[in-house]
Amino acid sequence: MTKLGDEHLHVVPRTQEEAARIAKVTALTTDFSAPEQFEERPAGAATVRARDNADAFSQPSANIGFEGELEFKVGNGLFRKIWVTAPSSTEASDGLGPLYNARGCQNCHIKDGRGHLPEGPDDNAVSFFLRVSIPAEVALNMQEVEDFIGATEEPNYGGQIQDFGTSGLPAEAQVSINYEDIPVELAGGEIVTLRSPTYELTDLGYGPLHADAMLSPRLTPQMIGLGLLEAIPAQDILAHADEADEDGDGISGRPNLVWSIEHEKIMLGRFGLKAGTPTIRHQSAAAFSGDIGISTPLFPNAWGECTDNQTDCVGAAHGDDDAQGGFEVDDTGLDLVTFYARNLAVPARRGSDDPDVLRGKQVFYDAGCTACHTPKFVTHRLTDQPAQSFQLIWPYSDMLLHDMGDGLADNRPEGRATGNEWRTAPLWGIGLTKLVSGHENYLHDGRARTLMEAILWHGGEAQAARDAIVARPKPDRDALVKFLESL
């Protein structure tokens, strides 16, 4: 396998003494009588006070200083900007679309938290969309990765379905969701009703879908802690991989390997629900292009994600020829949005010393959840990112791909990720979801309405952990949920 490094970071190498100390600090605890040292500060020195309102995910890292806060606020302005159709008198804000899912980043990442599902035919699907691709030969630059799965954009609709179009252009399609109820009985007789979704595209605006089209639903995730996840050493993530399940525990986490447009090489995938992008800057630029139709130096097409077959879209007016210097978002603007996304702070834990929370933590560990939801890492020492440098963090994710079973499968590959595999979702901040977003929609497509529903959807490598929780008495299950709500 390709040797993976951290080309996106300016790293001070660890000494052997540091490595030994880090191994000791990040080892799994066996003592559940009290919180671990520093556990109440999941983002280290970057942790902020947990607010009791919808702004809980919108605070800057606590350790970025005055100048950092200014840069954060400017980046926030770009993140919140509402884009308009070109040509416009507001040249700094024109260039929307021509096909798009939202008019601004914040429209999808509501209050920097999770998106919302359309609640019916009269509700919009902003912050929810379908990715689409078809099988293809593996690109030359990825052929050294033996199990990379070839795919390319659908010829009429590109890489995702955009449900809005600027004036005169039809949207690509509309998405509808139908649910089937599935009752699940837990130990003690409690019944939890899961909802199994099916998706339908209607009003196709640009012809039929390819016969081999593969569709995957996506609900936008929360934004906190991204810079710290980006600063975890690649080798520390790879140390948790066990592709052949050599230890026989049924868990075989695998890294996704992706092409970096910035660094022109294969890198570790970290971001996206299948770890399909390597850096925050790459992820931000891809979202500008695919979600809003905005060009950047990394994704320079002025028409965003329009395909060659969408000739009216490709030929529509755009904002690249105005005062922006050749792109609708130039290098400076992309850097500002990247800084903002990198420094959205993780709130402090709440009630980590509560006896029920500690009991729930032990249930979490005893059931084997930590085999994928790795509690702790220590980030690299960095020469130019003090806010992310050498922090003990508690994301509860190994950042690897895992087979989650047929129930959660989207049957659409991405890089090395198969149709059954997903990156382990970080759990920090998950207990504030309803406060920030006004709802609870968990998992990649928002099907789970409670944390227990999300647990019950776990299959594949997580089946044994899920079954262990089902078999627990209700007080233990309630304590587990209370522990998750404290994160």
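Before reading further, recall that the structure is shown in the block above.
The text that follows walks through the structure, step by step, so that each part is easy to find. Here the structure is a predicted model, which means the values were calculated and not measured. (Residues numbered from 1 in each chain as written. Predicted model: local features only at pLDDT ≥ 70, side-chain atom pairs only at ≥ 80, totals over all residues. Heavy atoms only, no water.)

### Some thoughts on the overall build of the protein chain
Next up, step 1: Across its full length, the protein chain carries 13 helices and 15 strands.
Next up, step 2: C-alpha atoms of the protein chain, sized along the principal axes, occupy 65 × 50 × 50 Å.
Next up, step 3: The buried share of the protein chain, taken over its 487 residues, is 56%.
Next up, step 4: Surface accessibility of the protein chain: about 20000 Å² in total, with carbon and sulfur atoms responsible for 51%.
Next up, step 5: For the protein chain, the distance from the average position of its 39 positive side-chain charges to the average position of its 74 negative side-chain charges is 8 Å. (Helix = DSSP H or I, 4+ residues; strand = E, 2+ residues; numbered from the N terminus. Buried < 20%, exposed > 50% of the residue type's maximum accessible area, 1.4 Å probe, protein only. Areas by Shrake-Rupley, 256 points an atom, 1.4 Å probe, with all protein chains shown as cover. Lys, Arg positive; Asp, Glu negative; His and termini not counted. Charge placed at Lys NZ, Arg CZ, Asp CG, Glu CD.)

### Focus: the sheet that holds strand β8 (residues 214–219)
Next up, step 1: Taken in spatial order, the three strands make up an open sheet running β4-β3-β8, and their pairing is antiparallel. Of all the strands in the sheet, just β4 (151–152) and β8 have a single pairing partner and so form its edges.
Next up, step 2: Relative to β4, strand β3 (residues 128–135) runs antiparallel, the two sharing two bridges. Across the sheet, residue Pro 135 finds its bridge partner in β4, namely Ala 151. (Pairing = 2+ DSSP bridges.)

### Comments concerning the packing of aromatic side chains
Next up, step 1: Evaluation of the coordinates by the stated rule reveals ten aromatic pairs.
Next up, step 2: Each ring, one from Phe 72 and one from Tyr 340, has its centre 4.7 Å from the other, and the planes form 45°; the classification is tilted. Of this pair, Phe 72 sits in helix α2 (residues 65–80) while Tyr 340 is found in helix α8 (residues 331–342), placing the two residues 268 residues apart along the sequence. Each member of the pair, Phe 72 as well as Tyr 340, is classed as buried.
Next up, step 3: When the ring of Phe 364 is compared with that of Tyr 396, the centres are 5.8 Å apart and the planes differ by 80°; the resulting orientation is edge-to-face. (Phe/Tyr/Trp six-rings, centres within 6.5 Å; stacked < 30°, edge-to-face > 60°.)

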